[in-house]
Amino acid sequence: MTDTTAAGSRRPPLIGALRWDTVVGALLVILLAVSFSTVNGFSNALNISFLIGNTLPVAAIALPMTMLVASGEIDLSVGSTVGLSGAVMGALWNHGMNINAIIVICAALGIVCGLVNALLVTKLGLPSLAVTIGTLALYRGVAQIVLGSNSVTDFPQNYLNFGSGRLGGSFLPTAVIPWLVLAVLAAVVLHATGFGRSVFAVGASAEAAWFAGVRVKRVKLSLFVATGLVSSLTGVFWVLHYASATYSNATGLELSVVAAVLLGGVDFDGGRGTLGGAIAGVFLLGTMQNVMSLADVSAQSQTVVTGVLLTVSVLGPRVARQVFARQARLQPLRGKS
Amino acid sequence: GGATKSSTDKAASSAPAAGQSGSANPSAAVKKGLTVAFLPKQVNNPYFNISDAGGNTALTALGESYKEVGTTSATDTAGQVSYVNTLTQQHVSAIAVSAQDPGALCTALKQAMSAGIKVVTYDSDTDPGCRQAFVSQASSEALGRSEVDLLGKELNYTGQIAILSAAQTATNQNAWIGYMQDELKKPQFANMKLVKIAYGNDDAQMSFQQTQGLLQQYPDLKGIISPTTVGIKAAAQYLDGSQYKGKVLLTGLGTPNDMRSYVQDGTVKAFELWDPGKLGQLAAYAAVALASGQISGAQGQSFTAGPMGNFTLGAQGVITLGAPTVFDASNIGQFNF
Amino acid sequence: MTVSTTAAAEQPLLSAGAPRALLDRVLRMRELAILVVLAVMLLATQIDNTSFLSKQGIKDLLLNATILVLVAVGEAVVVITGNVDLSVGSVLGVTAFAAGDLLQHGGNPVLAIGLAVVLGAGFGAVNGVLVGLGQVPSLVVTLGTLYIIRALDSIWVGSREVTASRLPSGYKSFGHNGLSAIPYLALLATVVLIAVGYFLRNYRSGRECYALGSHAQAAALAGVPVRRRVLAAFVLCGALAGLAGALYLARFGYADAGTGSGYELTVVSAVVVGGVGFTGGSGSVYGAALGALLLTSINSVLPAIGVSSVWVEAIDGVLLLLAISVDRIVALRIAGLLRSRARQARTITND
Amino acid sequence: MTNPDPEAAAPVLVLEGVSKSFGAVRALRSVSLSLFAGEAHAVAGENGAGKSTLIKVLAGVHRPDEGSVLLDGTPVEFGGPAAARDAGVAVIYQEPTLFPDLSVAENIFMGRQPTRSFGRVDHRAVREAVAALFARLGVAMDPERPARGLSIADQQLVEIAKALSFDARVLIMDEPTAALTGSEVARLFTVVRALREQGAAILFISHRLSEVFELCQRVTTLRDGTLVASEPLAGLTEADLVRRMVGRTLDELYPKQEAEVGEVALDVSRLTREGVFTDVSFQVRTGEIVGLAGLVGAGRSEVARAVFGIDRFDAGHVAVGGRRLKPGSPSLAMAAGLALVPEDRRAQGLIMQMSVERNIGLADLRATTTAGLVSRRAERDRAVDWAAKLQVKYARLSDLVGTLSGGNQQKLVLAKWLATGPRVLIVDEPTRGIDVGTKAEVHRLLSQLAADGVAVLMISSDLPEILGMADRVLVMREGRISAEISRADATEQTVVAAATGAAVGGAL
Ligand SMILES: Nc1ncnc2c1ncn2[C@@H]1O[C@H](COP(=O)(O)OP(=O)(O)OP(=O)(O)O)[C@@H](O)[C@H]1O
Ligand SMILES: Nc1ncnc2c1ncn2[C@@H]1O[C@H](COP(=O)(O)OP(=O)(O)OP(=O)(O)O)[C@@H](O)[C@H]1O
Ligand SMILES: [Mg+2]
Ligand SMILES: [Mg+2]
């Protein structure tokens, strides 16, 4: 029995540090540092507030999406849920309903949207990718039926201010506060509670988790519902931020969210990933886009960069692991000679 | 607070339009060193490519700088907002924008205007309060009525007709369709009946299938109006390869290059369009006039658009390009756009 | 103390009887559910609108399905190997334009189709190499190449477009003519479908695609050249997307930088509706083709019965959900059937 | 073509000074081995000794860091499993590797199906060959059914059929019998002996030493990755072999402690799951070990699953400590004090890509949670504690359990459940793939638990284990309890008779 329990859980520091989420975080810091010093117009408060404000929808949905992907599922209907929530908000507002009541209704609607996904996945055992491609069309379709071709813009000013305003004169959009609360909550739940442990267990092996007494379906159900709820609240924010409710709000948002989450090192097969990585991924993509626009990089070239980043994000960790595995193998040999 | 629509309606409608205030000096000299940024609905869209090239021509003639930025998708409203933000950061002199959504750009455009940037919309307008001037391709009324007249003449004013539009939300489409329906109420159209408005979402395949559907649902259909370049092209291609070729007449808005072969082989008799290049030129001249202080966006002000002559601002700062051109077998050879 | 004798072991298998086996085979066909849904839908539409299944109507149905069928067949092969290719829409776009560009400069139509296929296969090879290289989830890799190929396409194409007037008329008529109600394009797609289906069923390398989708590690242990098969699947998928691109051009007479964007979700939907399991290893290309036919038919049926296009998207979604739910319920039933059968077999043996 | 004196001929397959490391773990250190035609050669060693690694080197799965493999005297470097197979080496791996979506027949012939003209697969030939193979092995399984849903034992049988179908010169079997009952093992051995007599070389691994003695002529023993001895079995006793494996003599294998039998802890009444098991009733009292025996597929595991709430049942009820359990909820069953060590450790017992500490903690998250937050320290302490109690061999607590040897994984599953402090413990094949030393350890542990008042239900296909450990033996046949036999009456004959339905008096 060579090195058993006594060896403890020490890891060679290099391999520990070279987790992909840390790499993404470091990249983000470097990008920010370089942009602050060299990119014209990046560093002023207005731009930073634009950057954060425009990234918030993706950042918000990425929180529950990270957990969902870690549990081995995915939700592609989030963009449509955002759109549906906005459309309902616009339609009800046109009917003269109280805005607070509308927001509550939108939240409830999000829960229903999540529930529909969840029940199809857990009750029938359907693959979530297929289910949510279906609801992607369905929710967007319902949005279209609800609001038709209307575009509603005349929401009360103080609410619009929440959507696009800033905290005092600072660079922080007002809506960052609720997001931060949500982010901390999500991080604690995922990484420090029993529920979080179950999420990873379910993602890595639903069967083994079930044998260990994890209520697999309930875990999945709550994650889908959380995703629906956050998406619909994001829909409300979207309407207020852009001061526009149309049925087509946030078309294609799902791909941005998924791309950011995957870039952040969350394993698509479930069971692995960190919330910090996902958030870093979100802001890395957002900052990248902002900087490239400021530097007059065309939209097409920006897309190339996004694509390359994504590809590297999956190839990168693997290549890194191989390289460091080789180093680790060589080290004991070197130590001996 | 507990705001509802009715309680804020007044406040919203009585809010002063940001652009229209301020005075202008018609004889002010054209400022030099201006940068005018074009922000089309979509880059790489052939139509906007022609219009923006027109803008470039005009600016080059004036000795000002031109740039073009934009999203690769025509429904990426959030992306368009980001671009407005970026241009604000870059302190361009004026923005010429074709809005993807009438409301969503407002906050960002207002921010741009408060930073001293002049805003002209072209092709597709925002709410009037969010820009100083709108360069309209043709009056909606003229377009709508003339297309019905065109088809009426071809059909001897009898038979069922249908409209194949773009997205259900497209503001300009809906305005034109409104005038078409109004025109059809006139006595000479008593025997012409509009049976259906279909939406092809400016997607070739969808427009294609919508055309098929129209013909299956209404076997006696005699004519189709498609006031969108994508729609008319798809409808023509379908008719061309079907038994309905030459039996069902098609008109609408299209570009000569797209439609040439269909006019030559008899699938389409006539259609119309303004010159998108001229539209872009006019937008550029209007932007320069605004930035030079020659106009401020109020009704009645006028400016000189280089070789295009004098233009006067109408109500709510609308500048109209003029009547569209009708293309048919006799003249289509002369155009290349 | 051995329990079962050889004769007893074989007995239940053989005496189960041929008619039951046939019924079984039919029941086990996951494609059956889709076929039924499709037939019911078309019939109902025909009753509502008698001109729906006219010669022109049938031709339109088949034409609409052709392109999606081709791409879905390629996608199905990739999905069967346990992967997915999201870049098919981008590949279709590039290849359609490349073929068009060649044609409008006076190129030979056959050459243009060949170019599209080769170009598509090339992109497929890139995907296949990237996926095989890192043994990484193909969903992420091809989401990346979806962006990259689309962007390279729009940088290359810019605002150029290929319009019908610049295409040889023979090429266009190939796009919409045919033998009576059967378009040439549909014939071509059918040939491809049958060839791929036959190959998957009857060749070792075809069976190996199922094996590695079912359990990649086990496949490696069984000596299946995993990377080579994955690469081949992606190349086939790319090539078919390329072929579909060339046919898209013939059919719609148009291509620009945006051609085919967003197509991947439709293709994936078709494959999923067609009963090809997303975890790999199950389903057939015939199912995928039926799925494609079902999806495109819905889009023809709705306008034909006068449903407002406002409703189309929602109905599409509901039908997709219905299709996969029905498929799933049928599969569960069959699993139950198997369970009780296995029990019976054992009981007979042990007696 | 029998070869009466293998030593006289040249060896078929030789392993020379082979070393293999995984990161910091040195699984094999300069191991040599010669395999002759016509012999059955056993490899013995504790869990994690390196047996499976050795086999994977032979099969071309792993490339050795040092040393070489010689086939017929010439060094070979297999690029992969396919190369080894083509050279005539067939392998049954420790963990079944089937394609769940494909039919059993396809599984057996994947990659080398007989073909017709133009290289097309001859489906009929495949079916016929499989039917013949199954007849040879006496397996009653529909070759056309998908492999998904096969029990572990059935999977193992398919693996065996697959390996036999190669007609290989060298047949390597890594614990092929771990999940099988006596009758299947006997049949397998008949077939293997026939192969050996036809001149094939057999390499065989099993933790059941009686099987080793029954089948093999020579044995190679490994300890901690190093070679201890390679010698003829004739003249060795089980005790000798054990001493070579563990480096010391072993205590009694079935250390049955007398415990006071108390209240009824688990009461299963008329439990029925349509088509799976019918009318199953039994009770387990505190301090009692009840054995559940039966042939493979008799439905023992299914009963255990239903009792624990994994599967729903159609009729009957389960009560723990007098309180009825809500069906279909493992978490409620656990709350009532039930624990289940499942039969398939890879799919059900552990989460392969999670670390040792998280796996141990998963079954009882409440124990390490304070104020809603999981304490990492508590999690680690608990893991260290229980891993030590069961002598689990691992390098770091943060290692993924997928990298542990099969036996150590099995110990981890036990650790995970014992850590929950259950009142009723159901163990399904608790010693599958566990070496003799640890097996004794597990038996002692189960005895100890019973003595401490835990009610234990032990499902096992290892008849001596059942007879040695159980206070009472329940026998299942075709989904029903066919007999309940007291410890005094339980013998190999009575149990087998009840399991097979053969008419032997005195069972009921
Ligand atoms: N892929 C791998 N990565 C890391 N370590 C490994 C790997 N495979 C085996 N090991 C380690 O190598 C050692 C030998 O394992 P091996 O599976 O050969 O044992 P074994 O003798 O077959 O044991 P058992 O009887 O439990 O099956 C163990 O410590 C194991 O943890
Ligand atoms: N998930 C499943 N789907 C279909 N059939 C199954 C499933 N699990 C088990 N079976 C079948 O049910 C029967 C009973 O299996 P079970 O595992 O309960 O037997 P057992 O007595 O525990 O034997 P052993 O565990 O030794 O194989 C077997 O024929 C098995 O093939
Ligand atoms: Mg082993
Ligand atoms: Mg069992």
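Quantities reported herein were computed from a predicted structural model and do not represent experimental measurements.

### Some points on the interface of chain C and chain A
In many reports, interface size means the accessible area that the parts give up when they come together.
Item 1. Taken together, the contact pairs 35 residues of chain C with 36 residues of chain A.
Item 2. Buried surface at the junction of chain C and chain A, summed over both partners, amounts to about 3200 Å²; 82% is from carbon and sulfur atoms.
Item 3. Linking chain C with chain A are 0 salt bridges.
Item 4. Our enumeration of links across chain C and chain A arrives at 0 residue pairs in polar contact (both at pLDDT 80 or more).
Item 5. Put simply, the parts of the chain that give the side of chain C that touches chain A at least two residues each are α6 (109–134), α7 (138–157), α13 (263–273) and α15 (309–350) of chain C.
Item 6. Take the side of chain C that touches chain A: its biggest share by element is 13 residues, from α15(C).
Item 7. The residue makeup of the side of chain C that touches chain A, split by class, is 24 nonpolar, 9 polar and 2 charged.

### A few points about the sheet that holds strand β8 (residues 221–226) of chain B
All names here are of chain B.
Item 1. An order of β7-β6-β8-β9 is seen for the 4 strands of this open sheet, with the pairing classed as parallel. Strands at the two margins of the open sheet, each flanked by one partner only, are β7 (192–199) and β9 (249–252). Across this sheet, the average inter-strand angle for adjacent strands is 25°, counted without regard to direction.
Item 2. Relative to β8, strand β6 (residues 159–165) is paired through 4 bridges, and the arrangement is parallel.

### A look at the packing of aromatic side chains
Item 1. Scanning all chains against the criterion turns up 22 aromatic pairs over all chains.
Item 2. Aromatic pair B:F38 and B:Y66: ring centres 5.7 Å apart, planes at 45°, arrangement tilted. Residue B:F38 is found in strand β1 (residues 35–39), and its partner B:Y66 is found in strand β2 (residues 65–68); the two are separated by 28 residues along the sequence.
Item 3. Overall, the relative accessible area of 0% leaves B:F38 in the buried class.
Item 4. You can call B:Y66 partly exposed: its relative accessible area is 24%.
Item 5. Ring centres of B:F38 and B:Y122 lie 5.5 Å apart, and the angle between their planes is 65°; this geometry places the pair in the edge-to-face category. Here the residue B:F38 occupies a position in strand β1, and B:Y122 occupies one in strand β4 (residues 118–122), the gap between them amounting to 84 residues.
Item 6. Site record: aromatic cluster; members linked through ring pairs are B:F38, B:Y47, B:F48, B:Y66, B:Y122, B:W176 and B:W274.
Item 7. The ring of C:W156 is capped by C:R160, whose NZ or CZ atom sits 5.5 Å from the centre of that ring.

### Things to note about the UniProt feature "transmembrane region" (unreviewed entry) in chain A
All names here are of chain A.
Item 1. In the UniProt entry, the feature "transmembrane region" (unreviewed entry) is given for residues 20–42, 48–69, 99–121, 128–147, 167–190, 221–240 and 273–292.
Item 2. The straight-line gap between the two end C-alpha atoms of residues 99–121 is 33 Å; of that span, 100% is helix and 0% is strand.
Item 3. As a span, residues 221–240 carries 100% helix and 0% strand, and end to end its C-alpha atoms are 29 Å apart.

### Details of the site of ligand 2
Item 1. Around ligand 2, 17 residues are found, and the nearest of them are D:G299, D:R300, D:S301, D:E302 and D:E343.
Item 2. Ligand 2 sits at a junction of chains, with neighbouring residues supplied by chains C and D.
Item 3. Note that an oxygen atom of ligand 2 is positioned 2.9 Å from one of the backbone N or O atoms of D:G299.
Item 4. Residue D:R300 places a side-chain N or O atom 2.7 Å away from an oxygen atom belonging to ligand 2.
Item 5. For ligand 2, whose accessible area on its own is 620 Å², the fraction buried by protein is 83%.
Item 6. Residue assignment for the shell around ligand 2 shows that the elements contributing at least two residues are α15 of chain C together with α5 (152–165) and α9 (300–308) of chain D.
Item 7. At 3 residues, the largest contribution of residues to the shell around ligand 2 is made by α9(D).
Item 8. Split by residue class, the shell around ligand 2 holds 4 nonpolar, 6 polar and 7 charged.

What counts and how
Residues numbered from 1 in each chain as written. Chains lettered and ligands numbered in written order. Predicted model: local features only at pLDDT ≥ 70, side-chain atom pairs only at ≥ 80, totals over all residues. Heavy atoms only, no water. Contact = heavy atoms within 4.5 Å. Buried area = accessible area lost by both parts, 1.4 Å probe. Salt bridge = Lys/Arg side-chain N within 4 Å of Asp/Glu carboxyl O. Polar contact = N/O pair within 3.5 Å; in protein donor to acceptor, adjacent residues only side chain to side chain. Helix = DSSP H or I, 4+ residues; strand = E, 2+ residues; numbered from the N terminus. Nonpolar A, V, L, I, M, F, W, Y, C, P; charged D, E, K, R; others polar. Pairing = 2+ DSSP bridges. Axes fitted to C-alpha atoms, helices over the stretch in contact; angles between N-to-C directions. Phe/Tyr/Trp six-rings, centres within 6.5 Å; stacked < 30°, edge-to-face > 60°. Buried < 20%, exposed > 50% of the residue type's maximum accessible area, 1.4 Å probe, protein only. Lys NZ or Arg CZ within 6 Å of the ring centre and 35° of its normal. UniProt positions renumbered as here; feature names shortened; annotations may be inferred. Near = heavy atom within 4 Å. Areas by Shrake-Rupley, 256 points an atom, 1.4 Å probe, with all protein chains shown as cover.

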